[in-house]
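# Descriptive analysis of the structure
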Amino acid sequence: MTSNPFFAPSDLPYELPPFARIRNEHFLPAFLRGMDEQLAEVAAISAGAGPATFENTVEALERSGAVLDRVSRVFFNKAACDTDDEIQELEAEITPRLAAHDDALLLDPALFARLDALQERREQLGLDAEQQMLLERHHTRRVRAGARLAPEQQQRLRELNAEIAARSTEFGQNLRTADAAGALVLDRAEELAGLSADQIAAAAQNAHALGHEGKFVLSLKNFSNQPELAALDDPALRKRLLAASLGRGIDSNGPIAVALARLRAERAALLGYPSHAAWEVADRTAGTTEAVEDLLGRLVAPAVANAEREGAALAEAAEVAEIGAADWQYYSERVRRERFDLDAAALRPYLELERVLHDGVFHAAGLVYGISFTPRPDLVPHHPDARVYEVHDVDGSQLGLYIGDFHARESKRGGAWMDALVSQSRLLGHKPVVVNHLNVAKPPAGEPVLLTWSEVHTLFHEFGHALHGLFSDVRYPLLSGTQVPRDFVEFPSQVNEVWAGWPEVLAHYARHHVTGEPMPPELPARLREAETFGAGFRMVEHQAAAVLDWAWHSLSADQVPEEGAAQAFETAALQRYGLAMAAIPPRYRTGYFAHVFHGGYAAGYYGYRWAEVLDADTVRWFRENGKTVRESGEIFRRELLGKGGSVDAMGAFRAVVGRDAQIEPLLARHGLEG
């Protein structure tokens, strides 16, 4: 198949994948050729004449696998944001084969011997700091993957990795089915009383797209508390919506979660660790399970105390003895309106997507980092909903491409995320091509896309990941962009959320979508006053998800529950950690916890909170360091965002802030000092 677009580098600007020419039938041949080519390249490295050098071994590894890299990035982006039956079948077929391919690379004894020899004499090689880090990462990855194990142990490891990959893919595909099945189909607009006119129109448009002509559909977001719960007036409908959210996936994915926990625990034991959590955290900034448990434990008591106070206030507003889970957000919004004179629905007309993107997100990036964005309608993205922008640096030079894909659709998984379609690398001459995905409901044609305040924060957050990729300035692909420890990767994205509410930025984008009038000045002031309102709820639901992930992955293989006991295990884990609050379900429950059972966050969901310690401290540094925002942004970019994984992550933090992180700014942010 000489016409396969993956077989040669793209001739488009920035090597943007040639999406107009890519068809489903191109993927499998490209995967097969890509794996074969990389195996041949690695075999040549392993069999190389003469002693190992950095250039003929480590740098040669960085150059290998070009075809496989190109097809993998496009395929898994498509599988996440525009899947179909054919793609799902191929995903189920190819993921175990890719796991076996990775094992072949990581467990190759001749290659490891060369890397091991280089690591032993690394001080005599004359390497610069980035080269030393690259050698260390290649060596450590193979040690952690089992390169020192006996052959029979490695064979069992390969079997475990293939099964983990297959079950993880099955979890994700089951979840997509469960999400679709859990959507609420309603006959009359009156049933949606409490939602705004544009939200009702979006529900009608969603119904049309899903084949329910003349009806209204509320599709499930991938977290527990659906945003419509804050506005729907019908308490019975609120209960139906929350029940649909909480109940999805437990029957189909509960057994898979159990299986994955057991497989991961067995693999960890084979590698010499007491649990999967211990294996994961050993290569992260936290370092030890004790450090993670200390952080999680310190936050439980104040979070629960605040949540209980909030619940009592909501119950009083609802005139009931105790507030229920389906009613919490509804009455929380009522109390917010009364206490702060702040109505979430009143904000949305000032938060139109295009203005938030251009006059908010892009404007903030210009203020902080000096970069600019130019639409490139001549470049074809991966889906008609997406749009492409060329990014220019402060001196006008080309930096990379940014793609925004913001709308929900049936073929797209839930949530929000960033992908790198091309990773920056000076070795390969690559500039970055990054894409942000959101799941904002698409209104009828010609209608504005009005965001909630939460969706605005999500957009700024995901753009923080995009900046991490765009600003990458490293030589080697393995160290590029967001290739940093899992409990550090959310730190830059969470920092970027601060610009959503920064007065100069907010005033620039928060304008009425019809009149163009700025948001009334009292609304931002009330937003700031209300920042800690509901902090107890938010902290508890997030902490509950973090400890649920941690509980599943802190088990040894003989501690994993029986196949049908996922729900019972979840309940017991939340009780054990003191987070079993009936009115506040975990942000993710086992049946739809895609972060840990389908994504890369197993034993790592704590990382959001771990990274928020760094984030809150850095935001304080931005506010109080005595420098201009632009000067501070340059430091943050130069010392941290641009470094990718080429330096020690916590060393990069210290290079910015000047010291180790402190937890007090995080506690203050959430009103948890007490």
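The following paragraphs examine the structure supplied in this document.

### Some points on the packing of aromatic side chains
Within this structure, the stated rule accounts for 36 aromatic pairs. Ring geometry for Phe31 versus Phe75: centroids 5.4 Å apart, planes at 85°, classification edge-to-face. In this pair, Phe31 is assigned in helix α1 (residues 27–46) and Phe75 in helix α3 (residues 66–81), connecting sequence segments 44 residues apart. Neither residue differs from the other here; Phe31 and Phe75 are each classed as buried. One aromatic cluster is present, built from ring pairs that chain together Phe488, Phe491, Trp499, Trp502, Trp621, Phe622, Phe636 and Phe653. Across from the ring centre of Tyr330, 4.0 Å away, lies the NZ or CZ of Arg238, which sits over that ring.

### A look at the pairing of strand β5 (residues 398–407)
Burial runs high along β5: 9 of the 10 residues are buried. Pairing geometry for strand β4 (residues 387–392) and β5, over 6 bridges, is antiparallel. Bridging across to β5, Tyr389 finds its partner in Tyr402. Between β4 and β5, which pair antiparallel in sequence order, lie 5 residues; one of them, Gly396, sits at a positive phi of approximately 90°.

### Examining the pattern of salt bridges
Oppositely charged side chains may form a pair once their charged atoms are brought near each other. Evaluated as defined, the whole model comprises 41 salt bridges. A salt bridge links Asp179 to Arg248; the nearest nitrogen and oxygen atoms lie 2.8 Å apart. Here the residue Asp179 occupies a position in helix α7 (residues 151–182), and Arg248 occupies one in the loop between α9 (235–247) and α10 (250–270), the gap between them amounting to 69 residues. The residues Asp179 and Arg248 share a single accessibility class, namely buried. The shortest N-O distance in the salt bridge between Arg637 and Asp393 comes to 2.8 Å. With Arg637 in helix α25 (residues 629–639) and Asp393 in the loop between β4 and β5, this pair connects stretches of sequence that are 244 residues apart. For the pair Arg637 and Asp393, a shared accessibility class is recorded, and that class is buried. Through salt bridges that share partners, Asp385, Asp405, Arg409, Lys412 and Lys442 make up one connected network.

Reading the values: the criteria
Residues numbered from 1 in each chain as written. Predicted model: local features only at pLDDT ≥ 70, side-chain atom pairs only at ≥ 80, totals over all residues. Heavy atoms only, no water. Phe/Tyr/Trp six-rings, centres within 6.5 Å; stacked < 30°, edge-to-face > 60°. Helix = DSSP H or I, 4+ residues; strand = E, 2+ residues; numbered from the N terminus. Buried < 20%, exposed > 50% of the residue type's maximum accessible area, 1.4 Å probe, protein only. Lys NZ or Arg CZ within 6 Å of the ring centre and 35° of its normal. Pairing = 2+ DSSP bridges. Salt bridge = Lys/Arg side-chain N within 4 Å of Asp/Glu carboxyl O.

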